[in-house]
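So you can see what is in the structure, the chains are spelled out below.
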Amino acid sequence: QVQLVESGGGLVQAGGSLRLSCAVSGRTFSTYTIGWFRQAPGKEREFVAGISWTGGNIYYGDSVKGRFTISRDNAKNTVYLQMNSLKPEDTAVYYCAAVRLRVVSVSVTDYAYWGQGTQVTVSS
């Protein structure tokens, strides 16, 4: 069983930065690919970024490329999402999720374990 807990969300002005953390429990953390997704009111859940279990495969959604950076610290069982140059359209609940794949998947349905989410609000 894998449990994920997100933190670091909040209210920020456009152009600002936030760093989200995803703490993962379980002895086999290093064998899971971790993805970040987000969901705005009335919209489908959207892939944001993902990192494979070795860190060698990283993928970003088109809307965040060049602004967001994903990283992982396997010693701390934590994945980070550094979000810079935030825009009002980045406002959403952000979720991290885990899947036992060697490469990143952008599909919501591939991920077996999900956190409860953290709210990110970007004001204009």
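Residues numbered from 1 in each chain as written. Predicted model: local features only at pLDDT ≥ 70, side-chain atom pairs only at ≥ 80, totals over all residues. Heavy atoms only, no water.

The next thing to look at is the sheet that holds strand β7 (residues 68–73). In sheet architecture, strand pairing relies on hydrogen bonds along the backbone and comes in two forms, parallel and antiparallel. Taken in spatial order, the 4 strands line up as β1-β3-β8-β7 in an open sheet, and their pairing is antiparallel. Pairing within the sheet leaves two strands with one partner each, and these edge strands are β1 (3–7) and β7. Across the sheet, the axes of successive neighbouring strands diverge by a mean angle of 15 degrees, strand direction being ignored. Here β1 pairs with strand β3 (residues 18–25) via 5 bridges, running antiparallel. Paired with E6 across the strands is C22, a residue of β3. (Pairing = 2+ DSSP bridges. Helix = DSSP H or I, 4+ residues; strand = E, 2+ residues; numbered from the N terminus. Axes fitted to C-alpha atoms, helices over the stretch in contact; angles between N-to-C directions.)

On to the packing of aromatic side chains, then. Under the defined criterion, the tally for this structure stands at 7 aromatic pairs. Ring geometry for F37 versus W114: centroids 5.0 Å apart, planes at 50 degrees, classification tilted. Placement of the pair is F37 in strand β4 (residues 33–39) and W114 in strand β10 (residues 113–114), with a sequence separation of 77 residues. A relative accessible area of 25% places W114 in the partly exposed class. Among the aromatic residues, ring-to-ring pairing joins F37, F47, Y59, Y95, Y111 and W114 into one connected group. (Phe/Tyr/Trp six-rings, centres within 6.5 Å; stacked < 30°, edge-to-face > 60°. Buried < 20%, exposed > 50% of the residue type's maximum accessible area, 1.4 Å probe, protein only.)

This part takes up the pattern of salt bridges. Considering all chains together, one arrives at 4 salt bridges under this definition. The salt bridge partner of R38 is E46, with a shortest N-O separation of 2.8 Å. Here E46 falls in the partly exposed class, since its relative accessible area comes to 32%. Here R38 and D90 are joined by a salt bridge, their closest N and O atoms 2.9 Å apart. In this pair, R38 sits in strand β4 while D90 sits in the loop between β8 (78–83) and β9 (92–99), placing the two residues 52 residues apart along the sequence. We classify R38 as buried; its relative accessible area is 5%. Linked by salt bridges that have partners in common, R38, E46, R67 and D90 make up one network. (Salt bridge = Lys/Arg side-chain N within 4 Å of Asp/Glu carboxyl O.)

For Q82, the position within the fold is in strand β8. C-alpha separation for the pair Q82 and S71, spaced 11 residues apart in sequence, amounts to 8.3 Å. Those residues in contact with Q82 that lie beyond four places of it in its chain are S17, L18, R19, R67, F68 and T69. Of the polar contacts made by the side chain of Q82, one reaches the side chain of N84; its length is 2.9 Å. (Contact = heavy atoms within 4.5 Å. Polar contact = N/O pair within 3.5 Å; in protein donor to acceptor, adjacent residues only side chain to side chain.)

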